[in-house]
Amino acid sequence: MTRALPVILAPLLAALIGLTGCANTEITLLSPAIEQAARRFSRAEAAPVPAFAAADRAGAPVMIAALDKTPDRAAAFLRQSVSQDGVSTWITLDGSQMMFRDGLLVGTRGLTGDVLAADAGESAALIRALGTGVATRIMTVIDGEDQARRLAFRCQIAPNRADLVDLGPIQVQTRTVVEDCRGNGMDFVNYYWLEPRSREIIQSGQWAGPSNGKISMRKALR
């Protein structure tokens with residue numbers, strides 16, 4: 001039985017997703033809305049790392065994200081790169097990163113208790129197919145003693161209701177999928193909002209290890 005769907009990113013998102021305009025060519029000058037959002041998540045007060053500024057100048061796709069335990073610190077992540085094997089890396093102002101394959105989180109860098117790697121291929125196949133079934137998910141995380149720990153989860157996946165996701169200038173009709181995972185004495189529930197035709201994940205809430213908990217994230221339009 002799937003759990004009730006959460007409210008993602010709350011009212012703060014409305015003020016951040018209407019991102020407009022292009023960045024200045026100077027490396028320290030970012031699109032104002034992106035800089036404002038990025039600094040809310042960043043622990044750094046210094047100038048943005050060059051990779052973040054370069055991605056902003058290039059008009060890279062934007063994602064707004066927040067740790068569920070600190071929802072008032074929503075931030076902008078910009079897509080930094082996409083590898084040949086399909087892993088996309090997203091970066092924030094201080095160089096913190098999240099990595100995704102097929103829209104599912106497979107790594108973090110620069111957060112507390114990072115996800116070093118994740119194999120969520122079975123989950124991704126069911127989620128993108130809007131299917132129902134059971135998947136095995138493997139994650140390697142940094143634990144509280146700063147040691148790498150390999151975790152295995154058994155996840156029940158099932159489609160849920162239809163929802164409108166507000167991206168500011170447009171609303172996108174989506175279909176939700178719930179991934180309910182248990183193992184290693186832990187449990188967590190991930191939520192995905194997919195555009196039914198393209199199967200693109202527009203919005204999600206994904207677990208990023210026991211230290212970080214869940215990260216809520218949503219595509220944003222420039």
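Quick note: structure is the one above.
The model shown is predicted, which means the values in this text are computed figures rather than measured ones.

Reading the values: the criteria
- Residues numbered from 1 in each chain as written.
- Predicted model: local features only at pLDDT ≥ 70, side-chain atom pairs only at ≥ 80, totals over all residues.
- Heavy atoms only, no water.
- Buried < 20%, exposed > 50% of the residue type's maximum accessible area, 1.4 Å probe, protein only.
- Helix = DSSP H or I, 4+ residues; strand = E, 2+ residues; numbered from the N terminus.
- Pairing = 2+ DSSP bridges.
- Axes fitted to C-alpha atoms, helices over the stretch in contact; angles between N-to-C directions.
- Contact = heavy atoms within 4.5 Å.

### Brief notes about helix α4 (residues 121-128)
Thought 1: Those residues of α4 lying buried are S123, A124, L126 and I127.
Thought 2: Two residues or fewer past α4, L130 is found with a positive phi of approximately 55 degrees.

### A look at the environment of A220
Thought 1: Checked against the element boundaries, A220 lands in strand β12 (residues 214-220).
Thought 2: In this structure A220 comes out as buried when scored by relative accessible area, which is 6%.
Thought 3: Once the C-alpha coordinates of A220 and L167 are considered, the two residues, 53 residues apart in sequence, prove to be 6.2 Å apart.

### What about the sheet that holds strand β11 (residues 201-207)?
Thought 1: As summarised here, the arrangement of the twelve strands in space is β5-β4-β3-β2-β1-β12-β11-β10-β9-β8-β7-β6, forming an open sheet in which the pairing is antiparallel. One side of each edge strand has no neighbouring strand; the edge strands of this open sheet are β5 (104-109) and β6 (115-119). Ignoring which end each strand starts from, the neighbouring axes of this sheet average 25 degrees apart.
Thought 2: With four bridges connecting them, β6 and strand β7 (residues 133-142) associate as antiparallel partners. What sits directly across from V115, in β7, is V141.
Thought 3: Packing of helix α3 (residues 50-57) onto the sheet brings it into contact with β2 (75-82) and β3 (87-91), and relative to β2 it is tilted by some 85 degrees.
Thought 4: Contacts from α4 reach β5, β6, β7, β8 (148-166), β9 (171-183) and β10 (186-194) within the one sheet, and its direction differs from that of β7 by about 135 degrees.

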